[in-house]
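Per-entry structural report
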Amino acid sequence: MIQTEQEKLRDEIVALAGRYGRDRGALIPILQEIQKKRFQVSDFAMQLIADMLDIHPVEVYSVISFYSFLDFAPKGKFVIRLCRTISCDMQGKERVARQLENDLGIKFGETTPDGKFTLEWANCLGMCDQSPAILINDRIFTEVTPEKVHDILEECRSTFGIFSVENREGRPA
Amino acid sequence: MKATNTNTFTFSTVEPGSGLKKAIKMKRSEIIAEVSASGLKGRGGAGFPTGVKWNLAAAAQAEQKYIICNADEGEPGTFKDRLLLSDFADLVCEGITIGGIAIGADKGVIYLRGEYTYLRPHLEAVLKRRREAGLLGEKLMGKDGLSFDIEIRMGSGAYVCGEETALIESLEGHRGEPRNRPPFPVDTGYFNLPTSVNNVETLAWATCILAKGAGWFKKIGTDKSTGLKLFSISGDVERPGVYEFPMGITIAELLKQVGGENTKAVQIGGASGHCIPASQFKRTIAFEDVPTGGSIIVFGPQRDMLDVAANFMEFFVEESCGQCTPCRIGNVKLLEGIRLLQEGRCSMQYIRELMALGETMQVASKCGLGQSSPNAFLSIVQNFKDEIMGRISQPA
């Protein structure tokens, strides 16, 4: 059966509401799943989620606007978050930032035209003893140097399409 | 993720299950009495006595209660909970279980920050193993009528959600905006039910206290700050990492242990903590002197303290939830003041006004974020006037 993209999204949200419940407490887990799978929470998704949980869509909007890991605008398949807080700052995060911008051809807050990479700042990633640190989707990279940036990006490119960066390594031992 | 350097942790000497085994034979009031007797205070930084918190939650009348493990470790320079959750997750889960039994809750929640999503599979595996071993679930350790389970919920990248009422708002599906207190979560918490919110480390220590006895814990540290504490040490030291030290250690001694003798200043307690200059390194790290949630950021002689203050203020401008005016506007004004200092265009009169503003924020902000965000600014201005005033601005 041919399904439109909107029907697919509706099915997904219904399934998520089945899993997490249809009360307000389920809102953020549902938004997190949609963000992870679709790289954004679109207007249409917001309306559907609001309907499922019986709340006003603007409530959904206000929650998404609050949390930095949720977004209305489409993000890249790989969201690169460079820590800018003090310990990473002292260990040379500025140079890593410049190299990321150079290699990706975008500035912080932007997404590459092919939709693969989004570059963002993050506040303290909790890797201060191994700084500078980068979080790419769910995977952490530590002691990053400008020289290592290229290899990290290449690794993302090679796994592109599998959407599995966080399912490969990067697990605690 | 391992820490780069550590010393020997007491946690590695405590067998998982040993704390719970003792707790299960005790009355609820006895468990709380044991934790109270140890003098354990909240390890997240605020230092509220854990026994008192559990007692209040236990005394609250309700059909359902909750215990929440605050794993939203967002304070700049803190990463001890990351290590605890990856290496000693059993002790943390056990602490949640013990606390749950003590206050009469049958549900626990671990609120894990979104940045630590990579720890989730490991934590799920630990929970699964504990369920299979009868340490979680129905008929806990074979005891009829006693059930307890733990669920993991993820944060979504908001520092303020480490504040307990903001954390609860977030769990309920709202923006992470702190609530007015009182009422406190111990009687009106998650879904308005009595809820105890405890730091990851506090819960792990609770397990150790049950296993080794309150007397053991109380003997260590100072009168007002008992026991051991994990410290996250980063910055200009030879051996950054996570270390266990007794409470009441002097800053000088701590720096010696991690290879940071040649230090200009230390930020204790993260961005919301205080900046201590070398002249005060004889002071002790304890709730009655310099309090901390465990974050120690070390600045070597080459560091520009104004850049440090700017970095902290940028952090707070970004992370303020914007709900109350002193914090929303105050942090922006302090950051603008730092920019003026960097350009060498700030009068003494204006510095004094900014310091008065900082003090206003400390008393007028709604939650701990705004109450503590001026700390770094105030302590850096007070201690490093000579360094930060009358700058000759560098052409951009």
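On to the domain arrangement of chain A, then. When the domains of chain A are assigned, the result is domain 1 (5-66) and domain 2 (78-167). If you average the C-alpha positions of domain 1 of chain A and of domain 2 of chain A, the two centres end up 28 Å apart.

Further remarks concern the pairing of strand 1 (residues 78-83) of chain A. Residues and elements named next belong to chain A. For strand 1, a buried count of six out of six residues is recorded, marking the element as mostly surrounded by other parts of the structure. Side-chain alternation along strand 1 places Phe78, Ile80 and Leu82 on one buried face and Val79, Arg81 and Cys83 on a second face that is also buried. Here six bridges tie strand 1 to strand 2 (residues 117-122), and the two strands are oriented parallel to one another. Residue pairing in the sheet places phenylalanine 78 in a bridge with phenylalanine 117 of strand 2.

Moving on to the domain arrangement of chain B. Residue and element names in this part refer to chain B. Taken domain by domain, chain B consists of domain 1 (10-216), domain 2 (228-299) and domain 3 (305-387). In this complex, domain 2 contributes nine residues to the contact, which on the side of domain 3 involves twelve residues. Tallying contributions element by element places strand 8 (residues 274-277) first for the side of domain 2 that touches domain 3, with three residues. Class assignment for the residues of the side of domain 2 that touches domain 3 results in five nonpolar, four polar and no charged.

Moving on, we get to the confidence of the model for chain B. Any residue range with low pLDDT should be treated as having predicted coordinates unsuitable for detailed reading. Across chain B, the average pLDDT comes to 95, with 99% of residues at 70 or higher. Two numbers describe this predicted complex: its pTM, 0.94, and its ipTM, 0.93.

All names here are of chain A. Two elements in contact, helix 1 (residues 5-20) and helix 3 (residues 43-53), have axes separated by 10 Å at closest approach and are oriented at 35°. Handedness of the crossing formed by helix 1 with helix 3: right-handed. For the pair helix 1 and helix 3, the contacting residues are Gln6, Leu9, Arg10, Ile13, Val14 and Ala17 in the first and Phe44, Ala45, Leu48, Ile49 and Met52 in the second.

Now for the environment of glutamate 59 of chain A. Take glutamate 59 of chain A: it is sitting in helix 4 (residues 57-66). Residues glutamate 59 of chain A and isoleucine 86 of chain A, 27 residues apart in the sequence, show an inter-C-alpha distance of 34 Å.

This part is about the nonpolar core. Judged by nonpolar contacts, the single largest core of 165 residues is most densely connected at Ala133 of chain A together with Cys69, Val92, Ala204 and Ala309 of chain B. In contact with valine 92 of chain B, other than residues within four places in its own chain, are Cys69, Leu84, Leu85, Val200, Leu203 and Ala204 of chain B.

The next point concerns the sheet that holds strand 4 (residues 195-199) of chain B. Picture the strands of a sheet paired through backbone hydrogen bonds; they go either parallel or antiparallel. Residues and elements named next belong to chain B. A sheet is described by the order of its strands in space; here four strands give the open sequence 3-2-1-4, paired in parallel fashion. What marks the edges here is a single partner per strand, and that holds for strand 3 (149-154) and strand 4. Sheet twist, expressed as the mean angle between neighbouring strand axes with direction ignored, is 25°. Bridge analysis of strand 1 (residues 66-71) against strand 2 (residues 107-112) gives six bridges, and the strand direction is parallel. Paired with isoleucine 68 across the bridge in strand 2 is valine 109. Its contacts with the sheet place helix 6 (residues 120-132) against strand 2 and strand 3, and it is angled at close to 170° to strand 3.

Calculation criteria
- Residues numbered from 1 in each chain as written.
- Chains lettered and ligands numbered in written order.
- Predicted model: local features only at pLDDT ≥ 70, side-chain atom pairs only at ≥ 80, totals over all residues.
- Domains from an automatic or database assignment.
- Buried ≥ 20, exposed ≤ 12 C-beta atoms within 10 Å, placed from the backbone.
- Helix = DSSP H or I, 4+ residues; strand = E, 2+ residues; numbered from the N terminus.
- Pairing = 2+ DSSP bridges.
- Contact = placed C-beta atoms within 7 Å.
- Nonpolar A, V, L, I, M, F, W, Y, C, P; charged D, E, K, R; others polar.
- pLDDT = per-residue confidence, 0-100.
- Axes fitted to C-alpha atoms, helices over the stretch in contact; angles between N-to-C directions.
- Left-handed = near helix turned anticlockwise from the far one by under 90°.
- Core = buried A, V, L, I, M, F, W, Y, C linked by C-beta atoms within 7 Å.

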